[in-house]
Amino acid sequence: MSNIGNINEGSSFGIDSEELFVEAFVPFANFEIENEHIEISGLGECILKTGRYTELGTADYYEYKNDCKNVILYTGIYKLKFGSLLISQCIKNKNEKNIYISEIGIRSFGKINVKYGEPNDWVLSSLHGDKSGGAFISEKLPSENEQTEKMYKGFNLPCPELPQDERHTDGGWRTFEESVALFSQKTNRGVLIMPVNSPEAFMKCAAYVDDGQLNYIELESDMSNILLKSGQSHSAQDFAILNGDFETSINSVMANYSKYLGNRNDKPIPFGWCSWYSVYSGVKDDDVLGVIEFFANHKNEFTPDFIQLDDGYQKMMGEWNPNEKFPNAFSNIVGSVKGIGARAGIWVAPIIAHENSEILQQHPDWIAKNENGKPAVVMGNWGGNSYAMDATNPSVISFVKKILLDKMNDGFTYFKIDFNNIYVNGKTAYDNSKTSLQVYRNLYKIYREVLGNDNYLLSCSGFTRGTIGYADGSRIAGDIDAGWNDTPTTIYPGLQNAPIKAAANGVLYACDPDVTHLTVKTKRLTEKQRRIWHSFVCLFGGVEQTSELKNDLENGIDQLRILMPPCKQTAKPVFPCADPDNSRIGFNVIRSFESYGVYLLWNPNDSSNYFETRLSSKLNQIGEKFHVFSFWEQQYCGIHSADYVIENLRYGEGKLLRFTPVSDEPQIIGTTFHMGMGTNEVNNVLFNGKQFTIILNDEGAKSGSVYVYFKGSLKLIEAINCLAEQTTEGCIHNIKVKNRRENQQLTFVIE
């Protein structure tokens with residue numbers, strides 16, 4: 001064993017970077033020959049040392065070969081700059097018998113140490129799945145089974161039988177999908193481990209934490225028990241271990257994904273309406289028509305990009321014709337949606353079918369099975385049992401194609417595809433040569449081919465490589481119903497999970513954080529809590545959706561006005577992968593005529609009403625002292641540094657603030673037309689020493705205020721394409737504007 005700077009032949013290799021020390025990583029592969037389970041373990045013989053170019057930079061390359069029963073595990077180690085690594089593995093079957101491959105990866109042995117700070121400075125998290133927020137390594141967490149039981153209880157569903165192995169019952173184990181991040185909140189630096197290059201297999205990541213110490217890391221490719229015939233080989237998933245600051249690491253991965261997986265960022269990021277959260281599966285024809293009527297009545301203010309019918313219209317899962325609640329089928333809805341200039345949208349889960357559906361009555365062999373011959377994916381969401389079908393079966397593929405073609409013939413052009421429960425086991429799948437990732441991507445490739453380029457495809461699957469390059473948009477967190485934190489599908493978990501996916505928004509596709517809520521109608525949510533999520537959805541700059549019915553849309557119309565359109569910049573966590581709650585989110589706007597920061601701050605601490613802004617790492621890029629304006633209070637908060645304490649900010653309360661560097665010249669310090677506070681609606685600001693001019697477009701609310709700070713006398717002399725009235729208190733000039741149209745211009749003179 002040796003560290004990364006001096007790799008020798010042997011059983012293992014280590015890491016000794018600025019951020020992390022791992023004494024030893026041991027490569028391994030698990031496979032089966034004639035029911036005998038075998039593991040290859042260790043690097044083996046070094047067969048190549050050379051220099052190579054990778055998408056992540058030039059590297060010193062070392063290749064190893066380990067042979068067990070004529071099954072060979074090749075491990076390639078690329079030594080990149082700053083102590084980063086790229087790991088590439090492949091297995092070749094030279095045995096005369098066929099084998100099934102389950103996992104290929106690396107696991108740690110010996111000491112693991114973070115290089116600076118204390119355990120409570122470091123957060124272990126992931127960019128994937130429902131654990132994106134992560135937790136400090138000093139925290140004691142409930143076990144995997146305890147978390148699963150809590151989730152089912154929150155959904156009021158019976159919990160299935162759970163595994164009883166150590167990884168599911170011991171809270172020291174932390175398991176993640178696809179990626180692992182270990183970052184320090186003090187330095188904003190750390191280690192990001194993510195799959196890269198050609199999509200071969202999903203990754204599984206596991207770590208063990210005990211008494212505040214990270215003791216074990218395991219990184220493996222899920223090879224799905226694929227069959228490898230004699231003479232065949234199959235690559236595992238390449239993955240990178242990247243050291244340094246998060247932004248540099250994640251941007252290099254996003255560029256890698258664009259090259260190897262593709263992207264679909266050519267369509268405008270949409271705003272729309274989804275039926276689910278207003279009436280759930282009780283949706284009726286008239287509910288949707290009422291929403292369409294609302295938007296028709298307000299067509300001069302905003303037009304949605306889509307009106308989407310969700311779960312509840314179908315006869316049952318697997319039978320996708322409309323039920324009795326839609327007596328006119330879809331003709332009224334589709335025609336009315338097109339009449340307001342929007343896309344007609346539909347929810348489908350093509351590979352899920354109910355046990356009583358005609359398709360499963362006729363073809364029970366289509367159900368995806370586990371090794372015991374039992375249905376691998378069983379769901380009780382729709383009463384009775386529903387099952388995932390085998391997506392490697394050509395007959396299943398023909399069936400799902402017909403579902404989409406039928407909906408296209410009905411006039412739908414926006415497709416939300418949900419419950420992508422792809423299960424693949426080479427011992428039971430129709431096609432035993434592909435991993436679950438390869439099957440997932442093939443299915444979405446087929447979806448895209450059927451839908452064509454123009455129809456909009458939103459995958460409801462989280463941040464996954466399974467859909468990148470094929471989906472126009474992707475849900476990046478769980479459902480967000482109108483509650484704070486009493487179930488897994490509420491705002492607090494959404495804030496923990498969604499913001500870290502910001503690097504993908506507008507780069508790989510449009511990220512969908514799920515709906516926002518315009519009004520509060522339940523004691524499960526306060527108005528201040530609602531405002532936190534509403535602010536985030538706007539600042540995030542991804543897909544924007546609401547779910548209110550007609551009357552509630554009317555009651556919440558002012559909230560709709562300040563939401564649309566999506567923000568032109570993407571808000572990102574201030575401490576990415578180092579703040580489990582993402583309690584500081586925002587961006588800096590740097591333009592030739594002005595610079596400022598817009599940040600959402602909220603208090604996740606139920607034991608303190610004091611909140612430290614801690615924004616110096618971001619705001620010091622544009623200034624030292626700032627005028628601070630609070631959007632929701634429409635209040636000037638004075639001059640502050642980037643790091644100051646907000647008093648009396650209780651748990652579950654937040655502030656949406658604009659930070660404008662102090663200047664002697666007249667300057668905008670806030671607006672109330674849009675939650676971006678100038679990011680969308682301000683086109684230009686001009687000042688020639690005597691005359692100050694603000695040029696606005698018509699985005700956001702048609703009435704609101706522009707707040708200007710100037711110590712001298714400032715007088716509004718002209719308002720073009722709007723009506724405006726000025727009031728002044730001290731140095732704060734509030735220009736109340738209404739009847740906004742295109743290219744408004746507010747001109748002031750200094751007296």
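Further up the page is the structure itself.
Every value quoted in this text rests on a predicted model; they were computed, and no experiment measured them. (Residues numbered from 1 in each chain as written. Predicted model: local features only at pLDDT ≥ 70, side-chain atom pairs only at ≥ 80, totals over all residues. Heavy atoms only, no water.)

**Student:** Which residues make up the overall build of the protein chain, and what values do they have?
**Tutor:** Helix and strand counts for the protein chain stand at 14 helices and 46 strands. Over its C-alpha trace the protein chain gives a radius of gyration of 27 Å, about what one expects of a compact globule, namely 27 Å for 751 residues. Taking the principal axes of the C-alpha coordinates as reference, the protein chain spans close to 90 × 65 × 45 Å. Within the protein chain, the proportion of its 751 residues that are buried is 58%. Partitioning the intrachain contacts of the protein chain with sequence separation of at least 6 by distance along the chain shows that 69% fall at a separation of at least 24. Split by element, the accessible area of the protein chain, about 29,000 Å² in all, is 44% carbon and sulfur. Of the side-chain charges in the protein chain, 71 are positive and 92 negative, and the distance between the mean point of each set is 3 Å. (Helix = DSSP H or I, 4+ residues; strand = E, 2+ residues; numbered from the N terminus. Rg over C-alpha atoms; globule rule 2.2 N^0.38 Å. Buried < 20%, exposed > 50% of the residue type's maximum accessible area, 1.4 Å probe, protein only. Contact = heavy atoms within 4.5 Å. Areas by Shrake-Rupley, 256 points an atom, 1.4 Å probe, with all protein chains shown as cover. Lys, Arg positive; Asp, Glu negative; His and termini not counted. Charge placed at Lys NZ, Arg CZ, Asp CG, Glu CD.)

**Student:** Hey, could you go over the nonpolar core for me, with residue numbers and the actual values?
**Tutor:** One broad rule of soluble globular proteins: the nonpolar side chains tend to lie buried together. Phe295 and Phe463 are the most contacted members of the largest nonpolar core, which has 154 residues in total. With nine residues, the top contributor of residues to this core is helix H9 (residues 436-451). Ignoring anything within four residues of it in the chain, the contact list for Phe295 reads Phe271, Trp273, Phe302, Pro304, Ile307, Ile340, Leu553 and Leu560. Core analysis: the second largest hydrophobic core is formed by 31 residues, Val22, Ile77, Val180 and Leu219 among them. (Core = buried A, V, L, I, M, F, W, Y, C linked by side-chain atoms within 4.5 Å.)

**Student:** If you had to explain the packing of aromatic side chains to someone new, which residues and values would you point to?
**Tutor:** Following the criterion strictly, the structure yields 38 aromatic pairs and no others. With centroids separated by 6.3 Å and ring planes inclined at 80°, the aromatic side chains of Trp484 and Tyr651 adopt a geometry described as edge-to-face. Separated by 167 residues along the polypeptide, Trp484 in the loop between strand S28 (473-475) and helix H10 (491-497) and Tyr651 in the loop between strand S37 (645-646) and strand S38 (654-661) bring together distant segments of the chain. The buried category is assigned to Trp484, whose relative accessible area is 5%. For Tyr651, a relative accessible area of 30% puts it in the partly exposed group. Between Trp533 and Phe536, the ring centres sit 5.2 Å apart and the planes meet at 45°, which makes this aromatic pair tilted. Linking Trp533 with Phe536, this pair stays in helix H11 (residues 527-540), spanning three residues, or about one helical turn. (Phe/Tyr/Trp six-rings, centres within 6.5 Å; stacked < 30°, edge-to-face > 60°.)

**Student:** Before we move on, can you summarise the layout of surface pockets with the specific residues and values?
**Tutor:** A volume near 330 Å³ is recorded for the second largest pocket. What lines the second largest pocket is a set of 17 residues, among which Gly318, Glu319, Trp320, Asn321 and Asp406 lie closest to the centre. Of all the secondary-structure elements, those providing two or more residues to the lining of the second largest pocket are strand S21 (319-322), helix H7 (358-362) and helix H8 (394-409). Sorting elements by how many residues they give to the lining of the second largest pocket places H8 first, with five residues. Of the residues belonging to the lining of the second largest pocket, the class tally is seven nonpolar, three polar and seven charged. (1 Å grid on protein atoms, 1.4 Å probe; cavity = no way out; pocket = protein on both sides within 12 Å on 5 of 7 lines; lining within 4 Å. Points joined across faces, edges and corners; volume = space filled by probe spheres on them. Nonpolar A, V, L, I, M, F, W, Y, C, P; charged D, E, K, R; others polar.)

**Student:** How would you sum up the pairing of strand S8 (residues 99-114)? Please name residues and give values.
**Tutor:** Bridge count between strand S2 (residues 20-33) and S8: twelve bridges; the pairing is antiparallel. Residue pairing across strands places Val26 opposite Arg107, the latter belonging to S8. For S8 and strand S15 (residues 213-228), the ladder comprises eight bridges, and the chain directions are antiparallel. The residue of S15 that forms the bridge with Ile104 is Ser221. (Pairing = 2+ DSSP bridges.)

**Student:** Would you mind going over the sheet that holds strand S35 (residues 626-630) in detail, with residue names and values included?
**Tutor:** Strands sit in the order S31-S32-S33-S38-S35-S36 across an open sheet of six strands; the sheet is antiparallel. Where the open sheet ends on each side, the last strands, each with one partner, are strand S31 (572-573) and strand S36 (635-640). Bridge count for S35 against S38 is five bridges, and the pairing is antiparallel. Bridge pairing links Phe629 to Arg658 in S38.

**Student:** I'd love a proper account of the sheet that holds S28, names of residues and values included.
**Tutor:** Sheet architecture is open: eight strands sit in the order S29-S28-S27-S26-S22-S19-S18-S30, paired in parallel fashion. In the strand order of this sheet, the two ends are held by strand S29 (510-512) and strand S30 (544-546), each with one partner. On average, adjacent strands in this sheet sit at an angle of 25° to one another, irrespective of strand direction. The sheet contact formed by strand S27 (residues 456-459) and S28 spans two bridges and is parallel. Residue pairing for S28: Ser459 is matched across the bridge by Ser474. (Axes fitted to C-alpha atoms, helices over the stretch in contact; angles between N-to-C directions.)

These results come straight from atomic positions and should not be treated as a statement about function.
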